[in-house]
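# Coordinate analysis (summary)
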Amino acid sequence: MTEDACPISPVVDLLFSRWTTPIIWVLEHHGRLRFNELHRLLPSITPKVLTQRLRQLERDGLVVRTYHAEIPPRVEYEISDLSRTLVPVFRTLHGWSEEHLAEVAAAREAYDAVAG
């Protein structure tokens, strides 16, 4: 068995794959949502990809899907208790981005000016 050079790589792969973080972020901030409500809040994701990501997040235990046997049927999504444990991590990353993204932009501009 090989050892990862970075022990958090599996978590990064899980959480920061395309659309995972935005979906969890929206569900954490807006609570339980139906598919169309979630899609309205994330308009640049296609319905097909949203469906795929929601299924994967449900499989990973990060999203709870609730089916209501009504006419017409209703399905709602919310973050799981496991996802709620990630909220402090997301808040920390949000704080870091507010504090440092301007520095990143400045570093990119400086690099591009020299390299360009």
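Now for a description of the structure that goes with this document. Being a predicted model, the structure only gives us computed values, none of them experimental. (Residues numbered from 1 in each chain as written. Predicted model: local features only at pLDDT ≥ 70, side-chain atom pairs only at ≥ 80, totals over all residues. Heavy atoms only, no water.)

Another point: the pairing of strand β3 (residues 74-79). Of all the six residues making up β3, six are buried; the element is thus mostly covered by neighbouring parts of the structure. Of the two faces of β3, the one carrying R74, E76 and E78 and the one carrying V75, Y77 and I79 are both buried. Strand direction decides the pairing type here: strand β1 (residues 33-34) and β3, joined by two bridges, are antiparallel. For R34, the partnering residue across the bridge sits in β3 and is E76. Bridge count for strand β2 (residues 63-68) against β3 is six bridges, and the pairing is antiparallel. Its bridge partner lying in β3, V63 is registered against I79. Count of turn residues in the β2/β3 antiparallel hairpin: five residues. (Buried < 20%, exposed > 50% of the residue type's maximum accessible area, 1.4 Å probe, protein only. Helix = DSSP H or I, 4+ residues; strand = E, 2+ residues; numbered from the N terminus. Pairing = 2+ DSSP bridges.)

The next subject is the packing of helix α2 (residues 20-30) against helix α6 (residues 87-115). At a closest axis distance of 12 Å, the pairing of α2 and α6 adopts a crossing angle of 105°. The orientation of α2 relative to α6 falls into the category roughly perpendicular. Contacts between α2 and α6 involve T21, I24, W25 and E28 on the former and, on the latter, V87, F90, R91 and H94. Split by residue class, the contact of α2 with α6 holds four nonpolar, two polar and two charged. (Axes fitted to C-alpha atoms, helices over the stretch in contact; angles between N-to-C directions. Parallel < 35°, antiparallel > 145°, perpendicular 65-115°, else oblique. Contact = heavy atoms within 4.5 Å. Nonpolar A, V, L, I, M, F, W, Y, C, P; charged D, E, K, R; others polar.)

What follows covers the side chain of T21. With respect to the helices and strands, the residue T21 is situated in helix α2. Discounting chain neighbours no more than four positions away, the residues touching T21 are L15, F16 and F90.

All quantities given are derived from atomic positions and should not be read as evidence of function.
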